[in-house]
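Take a look at the letters that make up each chain.
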There are 2 protein chains.
Amino acid sequence: MKKTILILIALMIGVSVVAQNDILSKTKVSETALFQRDYPRVDDEGRAYFCFYAPDAKSVVVDCQGKYEMTLQDDGYWIGHTDPLVVGFHFYHFVVDGAKVSDPMSETYCGSFGRSSAVEIPEGPEGDYYRPQKGVARGQVRSCVYFSEQSQEYRRCFVYTPAEYDAKPKKRYPVLYLQHGMCEDELGWANQGKMNHIMDNLIAEGKAEPMIVVMDSGDAAISFGFSTRGRRNTVATRDEFGATFGPILINDLIPFIDATFRTLDDRKHRAMAGLSWGGHQTFAFGLTNMDKFSWFGSFSGAIFMNEQAMKTAYDGVFADADKFNKDVNLLFIGAGSAENMGTAGLSAMLTKNGFEHEYYISEGTAHEWLTWRRCLHQFAPKLFK
Amino acid sequence: MKKTILILIALMIGVSVVAQNDILSKTKVSETALFQRDYPRVDDEGRAYFCFYAPDAKSVVVDCQGKYEMTLQDDGYWIGHTDPLVVGFHFYHFVVDGAKVSDPMSETYCGSFGRSSAVEIPEGPEGDYYRPQKGVARGQVRSCVYFSEQSQEYRRCFVYTPAEYDAKPKKRYPVLYLQHGMCEDELGWANQGKMNHIMDNLIAEGKAEPMIVVMDSGDAAISFGFSTRGRRNTVATRDEFGATFGPILINDLIPFIDATFRTLDDRKHRAMAGLSWGGHQTFAFGLTNMDKFSWFGSFSGAIFMNEQAMKTAYDGVFADADKFNKDVNLLFIGAGSAENMGTAGLSAMLTKNGFEHEYYISEGTAHEWLTWRRCLHQFAPKLFK
């Protein structure tokens, strides 16, 4: 019955004529489209427009902050669009007769889908801080390979060096270790986070100290929406999930970075921050290694702690507020106003128990990259001062 | 009729039982699989195995050096494999009821499909030269953003710096400009070409001079297999295709590199090479700017020149063999034995007319990345000596 209806809908759609030229004239190509591709597109109200070739499909849905049915054109392409979206970066994929696929016309970004398609909504006053600006000296994002003794594998990390780094060969720099969220990887902050532009602009304005930023994989990848056939292991428990990264960070990554770059290699000049699961990792691997770090940031962090557990959680770092306030240069906690990661409750609990911290709310954003771009933009100027 | 047959086949496949555990035991996960994914896989004879979730599809074919039908399992996953493939890197995509899609379980790489899936066949004696080796000092691949006055856009290029670069802040280095092929982009040489490992290993062995390698987009992307709806422009003519890159290279990129890195900035210390269309660009933009370059490499190059056209092609650089032999430090021409890009004929024509060059044939490889990894491995040691 369902199939019959789908076939009828497909037939009806097949003869419909959509004013494709109208779309082209009132929209522009998203910056996430591959070279010379016409889609994805965006309009002035923040709608995203998609196009996908599937001549024999019965149904194509685009999943982009909601599910939207697409309509088949005469030439085998399906076309559809979203409602207006918030400014910033949004993952999407197509569901083609039940198969989830990415868009061959989009650049791909690490996300819960694997290498996922995405669209960037550029309109509105927001965004100059995360775009390249004329006249601003630009740093580099360096892909580095190192061998991890912990995991007995070659690993790749990305290292942002500020624009002045090569020109001042005697100067040493503080280091921020910056982690992605669940299902993402070491590419996230530079590709969809635009961290290099955020840092370049802040440093050029004199708002942030020139610093090195290190981005590695938190090994917190999981494949939502697939059965276990697609995965190497069964789903890890919460405590196991991405737990392997802690020893790699402390024993392999930090020594590699300090040996390879001109770092200031003491705790006063080392920060750790992360978004979502990376916020959890910042608490789990940063706050529990107070000899290594003294600046911390959690953006929409997945922090599992209630008042009862506070004395013992994270190796007891929250057992003594006076000691915490003395040892910690900064604990920054941020989140979007349209998400619920328990951040407000966490901040209130910390305040009630005397733990100094900074609390930031990104207005109108959910669990998404605009929240985290804003968080980094707020957080970085407070570091190493 | 065709549809009826497809439905019958799908029904037959639907009740078939494939020994999935057999596949898992006799194969291993390809290095191109995303973190924690079980596929793509490879066996000891060089077959690649694939898995794709499409419960309602009538037909799924994997296109990987040939088209192979996949079979539907009880859980909605389709499974299939290739015949034995040559060692190295191979693009693939799925054709799902006529829709071409990439594999959500694979890393993505720029290719003719857009961001395409790929599998790496690792077996056989080949490959140590393009894999990281223990004890070898490793260079970095730096992502850099610059503004092109020619194209009025921010562009991204990748710059390989040798391992010693930061440790020797007074030393200046020769530069190789290394181009990708048609449909690929600035990511190709570092991601699927493994140029950083090739260079690290050659430099560590003392076989190649420490050098900077610059990889930018040749703007030679095109989308084969899509109708014009997916593309911004109609197909460019041969002369127009990627032609915009020449002025960007000469007027924007080279000055940016020389201003940003410690380069030796004369023609004696500047090389250009490329694969396929990048070989054409090396002839078109390298040989015609002899004041900028004196070392050249064309790997499976798309060189359009017959003996009649020789006197006038490429701004007449082949009009005078004596002048050519005096001006050019190296012209290296390579190709795979299993492809036909006219390279043997080009070499014979150059020899007949007195143009000195080196000619290299990669045995048993076609128009594929193993040919180009081998070409770079042969070419780089000859540079700047």
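Residues numbered from 1 in each chain as written. Chains lettered and ligands numbered in written order. Predicted model: local features only at pLDDT ≥ 70, side-chain atom pairs only at ≥ 80, totals over all residues. Heavy atoms only, no water.

Chemist: Any chance you could break down the overall build of chain A for me, citing the residues and the numbers?
Modeler: Within chain A, the secondary structure is distributed over ten helices and 19 strands. The buried share of chain A, reckoned over its 385 residues, is 61%. Long-range pairs, those at least 24 residues apart, make up 71% of the contacts in chain A between residues at least 6 apart in sequence. Carbon and sulfur atoms make up 52% of the accessible area of chain A, which amounts to about 15,000 Å² in all. (Helix = DSSP H or I, 4+ residues; strand = E, 2+ residues; numbered from the N terminus. Buried < 20%, exposed > 50% of the residue type's maximum accessible area, 1.4 Å probe, protein only. Contact = heavy atoms within 4.5 Å. Areas by Shrake-Rupley, 256 points an atom, 1.4 Å probe, with all protein chains shown as cover.)

Chemist: Mind laying out the interface of chain B and chain A, listing which residues take part and the relevant values?
Modeler: Counting residues at the interface gives 67 residues for chain B, matched by 66 residues for chain A. Interface area for chain B against chain A, summed over the two sides, is near 5,700 Å², with a carbon-plus-sulfur share of 49%. Counting the contacts that link chain B with chain A gives six salt bridges. Notably, a salt bridge pairs R115 of chain A with E107 of chain B, separated by 2.6 Å at the nearest N-O pair. For the pair chain B and chain A, the number of links is 14 residue pairs in polar contact (both at pLDDT 80 or more). Elements represented by at least two residues in the side of chain B that touches chain A include exactly β3 (48-53), β7 (77-81), β9 (99-101), β11 (114-121), β12 (140-148) and α4 (195-204) of chain B. In terms of residue count, β12 of chain B provides more of the side of chain B that touches chain A than any other element does, seven residues in total. Residue composition of the side of chain B that touches chain A, by class: 29 nonpolar, 20 polar and 18 charged. Bridge analysis of strand β12 (residues 140-148) of chain A against β12 of chain B gives three bridges, and the strand direction is antiparallel. (Buried area = accessible area lost by both parts, 1.4 Å probe. Salt bridge = Lys/Arg side-chain N within 4 Å of Asp/Glu carboxyl O. Polar contact = N/O pair within 3.5 Å; in protein donor to acceptor, adjacent residues only side chain to side chain. Nonpolar A, V, L, I, M, F, W, Y, C, P; charged D, E, K, R; others polar. Pairing = 2+ DSSP bridges.)

Chemist: Would you mind going over the sheet that holds strand β7 (residues 77-81) of chain A in detail, with residue names and values included?
Modeler: All names here are of chain A. Taking strand neighbours across the sheet as the criterion, the five strands line up as β1-β2-β3-β7-β6 in an open arrangement whose pairing is antiparallel. Each of the sheet's edge strands pairs with one partner strand only, and the pair in question is β1 (27-29) and β6 (71-72). As defined by bridge partners, β1 adjoins strand β2 (residues 41-43) across three bridges and the pair is classed as antiparallel. Note on β2: the bridge partner recorded for K28 is V42.

Chemist: So what's going on with the relation of the copies chain B and chain A? Residues and values would help.
Modeler: The transform that puts chain B on chain A rotates by 180 degrees and translates by 0.0 Å along the axis, for an RMSD of 0.0 Å. Both copies are brought into coincidence by an operation consistent with a two-fold rotation axis. Among all C-alpha atoms of chain B, that of R142 of chain B lies closest to the rotation axis, at 2.0 Å. Looking at chain B, 99% of its interface residues are interface residues in chain A too, so the copies touch through the same face. (Least-squares fit on C-alpha atoms with pLDDT ≥ 70 in both.)

Chemist: Before we move on, can you summarise the domain arrangement of chain A with the specific residues and values?
Modeler: All names here are of chain A. Domains assigned within chain A are domain 1 (25-122) and domain 2 (128-382). Placing the centre of domain 1 and that of domain 2 at their C-alpha centroids yields a distance of 30 Å. Here domain 1 packs against domain 2, burying approximately 1,300 Å² in sum over the two surfaces, 51% of which is carbon and sulfur. The largest share of the area that domain 1 buries against domain 2 comes from F89, C110 and S112, three residues that together contribute 35% of it. Between domain 1 and domain 2 we count three salt bridges in total. R115 is the partner of D185 in a salt bridge, and the nearest nitrogen-oxygen pair spans 2.7 Å. Linking domain 1 with domain 2 are five residue pairs in polar contact (both at pLDDT 80 or more). Elements with a minimum of two residues in the side of domain 1 that touches domain 2: β8 (88-96), β10 (108-111) and β11 (114-121). Looking at the side of domain 1 that touches domain 2 element by element, the count peaks at four residues for β8. (Domains from an automatic or database assignment.)

Chemist: Before we move on, could you go through the sheet that holds β7 of chain B and cite the residues and values that matter?
Modeler: Residue and element names in this part refer to chain B. Strand order in this open sheet of five strands is β1-β2-β3-β7-β6, and the pairing throughout is antiparallel. Both outer strands of the open sheet, β1 (27-29) and β6 (71-72), are each paired with one neighbouring strand and no more. Here strand β2 (residues 41-43) pairs with β3 via two bridges, running antiparallel. Within β3, the residue paired with R41 across the bridge is Y49.

Chemist: Requested: an account of the packing of aromatic side chains, with residues and values cited.
Modeler: Residues and elements named next belong to chain A. Counting across every chain of the model gives 58 aromatic pairs over all chains. The rings of W189, F299, F332, Y360, W369, W372 and F379 are connected pair by pair, giving a single aromatic cluster. A cation over a ring is seen here: R41 above Y39, with NZ or CZ 5.9 Å from the ring centre. (Phe/Tyr/Trp six-rings, centres within 6.5 Å; stacked < 30°, edge-to-face > 60°. Lys NZ or Arg CZ within 6 Å of the ring centre and 35° of its normal.)

Chemist: A description of the state of the cysteines should follow, citing residues and the corresponding values.
Modeler: All names here are of chain B. Counting across every chain of the model gives zero disulfides over all chains. Left without a disulfide partner, C64 is nearest to the cysteine sulfur of C51, which lies 15 Å away. Given a relative accessible area of 0%, C64 falls into the buried group. Free cysteine: C375, not disulfide-bonded; nearest cysteine sulfur from C110 at 18 Å. (Disulfide = S-S within 2.5 Å.)

Chemist: Go over the packing of α4 of chain B against helix α10 (residues 369-379) of chain B with me, naming the residues and quoting the values.
Modeler: Residue and element names in this part refer to chain B. Interhelical geometry of α4 versus α10 gives an angle of 30 degrees and a closest axis separation of 10 Å. Of the possible angle classes, the one that applies to α4 and α10 is roughly parallel. Where α4 crosses over α10, the two elements pack in a sense that is right-handed. Contacts between α4 and α10 involve M195, I198, M199 and L202 on the former and, on the latter, R373, L376 and H377. The residue makeup of the contact of α4 with α10, split by class, is five nonpolar, one polar and one charged. (Axes fitted to C-alpha atoms, helices over the stretch in contact; angles between N-to-C directions. Parallel < 35°, antiparallel > 145°, perpendicular 65-115°, else oblique. Left-handed = near helix turned anticlockwise from the far one by under 90°.)

Chemist: Hey, could you go over the pattern of salt bridges for me, with residue numbers and the actual values?
Modeler: For the coordinates displayed, the defined rule picks out 48 salt bridges over all chains. Among the ionic pairs, D166 of chain B bridges to R142 of chain A, the shortest N-O distance being 2.9 Å. You can see D166 of chain B sitting in the loop between β13 (153-161) and β14 (175-179) and its partner R142 of chain A sitting in strand β12, one on each of two chains. Given the relative accessible area of 0%, R142 of chain A is considered buried. Linking R155 of chain B and E153 of chain B is a salt bridge whose minimum nitrogen-to-oxygen distance equals 3.0 Å.

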